[in-house]
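# Coordinate inspection notes
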Amino acid sequence: MLPDKARYYVMQGLAGTPYVVDRLLLDAGETDFDRKPYPERFTIREVMGHLADWEGVWLERIVRMRDGEHPFLPGYDEGQWAIDHDYAHMDVREQQARFRQGCEDLVAALNSLSPERWERTASHGEWGHVTIECVAARVLGHDGYHTQQISEWLGRG
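Residues numbered from 1 in each chain as written. Predicted model: local features only at pLDDT ≥ 70, side-chain atom pairs only at ≥ 80, totals over all residues. Heavy atoms only, no water.

## Re the overall build of the protein
This is how the line gets drawn: Segments assigned H or I by DSSP are reported as helices when at least four residues long, segments assigned E as strands when at least two residues long, and all are numbered from the N terminus. Based on C-alpha atoms, the radius of gyration is set beside the globule rule, defined as 2.2 Å times the residue count to the power 0.38. Buried residues are those whose accessible area, probed at 1.4 Å on protein chains only, stays under 20% of the maximum for their type, while exposed residues exceed 50% and partly exposed ones sit between those limits.
Within the protein one finds 6 helices and 3 strands. Ordered by position from the N terminus, the helices and strands of the protein form the series α-α-α-β-α-α-β-β-α. Over its C-alpha trace the protein gives a radius of gyration of 16 Å, about what one expects of a compact globule, namely 15 Å for 157 residues. Of all 157 residues assigned to the protein, the portion counted as buried reaches 43%.

Here's what the structure looks like:
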């Protein structure tokens, strides 16, 4: 079980990520959003669609774990989602708003859990046995990876 202070910092990181993204993108424009320094990685526009979509996935997983008995959580093909959801043509500012709301919903769901409930489990198709605290830490790492990517693409990293 995560110590209280560690859980506090995970929650602060999750709650703070939309503020970091908003600050990074404050002066960015369409040219910045579509720059693709590496062909195999997302543009900023695609990153924002991805982040906004995944907040809902993370929340759905947490709720299933909270309410069910060791549910199965499937993996997803992120590249196919990008195509199916047309990330390349999404409005970045709309995705920022979706991401912010998704983060708020996720943080609210996690804040409603007792420390013992963070130990609720699931079986993930790719990761195996996971707990809610493991998923929360994964979200923090995932979002941090993408905020670093945005910063690098904007030349601020």
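## Focus: the layout of surface pockets
Rules: Detection works on a 1 Å grid of protein atoms alone, calling trapped sets that fit a 1.4 Å probe cavities and calling open sets with protein on both sides within 12 Å along at least five of seven lines pockets, with lining residues defined by an atom within 4 Å of a point. Grid points are joined across faces, edges and corners, and a volume is the space filled by probe spheres set on the points.
For the largest pocket, the calculated volume is near 180 Å³. Lining the largest pocket are Trp54, Trp58, Arg61, Gly75, Tyr76, Glu78, His124, Glu126, Trp127, Arg138 and His142. Counting residues per element, the ones that place at least two in the lining of the largest pocket are helix H3 (44–67) and helix H6 (132–153). Ranked by the residues each element gives to the lining of the largest pocket, the list is headed by H3, at 3 residues.

## Some thoughts on the environment of Thr121
The following threshold applies: Contacts are assigned to residue pairs with any non-hydrogen atoms lying within 4.5 Å of each other. Whenever a nitrogen or oxygen atom comes within 3.5 Å of another N or O atom, the pair is scored as a polar contact, on the condition that within protein one atom can donate a hydrogen and the other can accept it, and that pairs from neighbouring residues in sequence are kept only if both atoms are in side chains.
Looking at the element boundaries, Thr121 is found in strand S2 (residues 121–124). Setting aside its immediate chain neighbours within four residues, Thr121 contacts Met65, His70, Pro71, His129, Val130 and Thr131. Separated by 2.7 Å, the side chains of Thr121 and His70 make a polar contact.

## Re the packing of H3 against helix H5 (residues 92–111)
The test is simple: All axes are obtained by fitting lines to C-alpha atoms, using only the stretch in contact for helices, and the reported angles, taken between N-to-C directions, cover 0 to 180 degrees. Relative orientations are named as follows: roughly parallel for angles under 35 degrees, roughly antiparallel for angles over 145 degrees, roughly perpendicular for angles from 65 to 115 degrees, and oblique for any other angle. A clockwise turn of the near helix away from the far one marks a right-handed crossing, whereas an anticlockwise turn of less than a right angle marks a left-handed crossing.
Relative to each other, H3 and H5 sit at 20°, their axes nearing to 8 Å. The angle between the axes of H3 and H5 places the two elements in the roughly parallel class. Handedness of the crossing formed by H3 with H5: left-handed. Side by side, H3 and H5 meet where Arg45, Met48, Gly49, Leu51, Ala52, Asp53, Glu55, Trp58, Leu59 and Ile62 of the first sit next to Val92, Gln95, Gln96, Arg98, Phe99, Gly102, Cys103, Asp105, Leu106, Ala109 and Leu110 of the second.

## Looking at a negative patch on the surface
This is how the line gets drawn: Candidate patch residues must exceed 30% relative accessible area and have no salt bridge, after which like charges are joined if within 9 Å and Val, Leu, Ile, Met, Phe, Trp or Tyr side chains if within 5 Å. Exposure was quantified through the Shrake-Rupley algorithm and a 1.4 Å probe, taking into account, for residues, occlusion by the shown protein chains and nothing else. For this document, the term salt bridge refers to a Lys or Arg side-chain nitrogen within 4 Å of an Asp or Glu carboxyl oxygen. Note on charges: Lys and Arg go in the positive column, Asp and Glu in the negative column, and His and the chain ends are not counted at all. To locate a charge, take NZ of a lysine, CZ of an arginine, CG of an aspartate or CD of a glutamate.
A cluster of acidic residues, Asp77, Glu78, Asp84 and Glu126, forms a negative patch at the surface. Owing to a relative accessible area of 51%, Asp84 belongs among the exposed residues under this scheme.

## Remarks on the nonpolar core
Convention followed: As used in this record, nonpolar core signifies buried Ala, Val, Leu, Ile, Met, Phe, Trp, Tyr and Cys residues forming a set joined through side-chain atoms within 4.5 Å.
With 41 residues, the main nonpolar core has Leu14, Leu25, Ile44, Met48, Leu110 and Ile150 as its most contacted residues. Going through the elements one at a time, helix H1 (4–25), H3, helix H4 (78–84), H5 and H6 are the ones with two or more residues in this core. Take this core: its biggest share by element is 10 residues, from H3. The residues touching Leu110, leaving out its near neighbours within four places in the chain, are Met11, Leu14, Ile62, Trp118, Ile132 and Ala136.

## Examining the packing of aromatic side chains
Rules: Any Phe, Tyr or Trp ring, taking Trp's six-membered ring, that has another such ring centre within 6.5 Å forms a pair; planes under 30 degrees apart are called stacked, those over 60 apart edge-to-face, and the others tilted. Placement of a charge over a ring requires the Lys NZ or Arg CZ to be within 6 Å of the ring centre, with the centre-to-atom vector within 35 degrees of the ring normal.
Scanning all chains against the criterion turns up 8 aromatic pairs. On the basis of an interplanar angle of 55° and a centroid distance of 5.3 Å, the ring pair of Trp54 and Trp58 is categorised as tilted. With Trp54 and Trp58 both in helix H3 and 4 residues apart, the pair spans about one turn of that helix. Taking relative accessible area as the criterion, Trp54 reaches 3% and is therefore assigned buried. Look at Trp58 and you get buried, because its relative accessible area is 3%. Ring geometry for Tyr76 against Trp81: centres 5.0 Å apart, planes inclined by 55°, an arrangement best described as tilted. Here the aromatic residues Trp54, Trp58, Tyr76, Trp81 and Trp127 are joined through ring pairs into a cluster of three or more. In this arrangement the basic side chain of Arg7 is found over the ring face of Trp118, its NZ or CZ atom lying 5.6 Å from the centre. Residue placement shows Arg138 over the ring face of Trp127; its charged tip is 3.7 Å from the ring centre.

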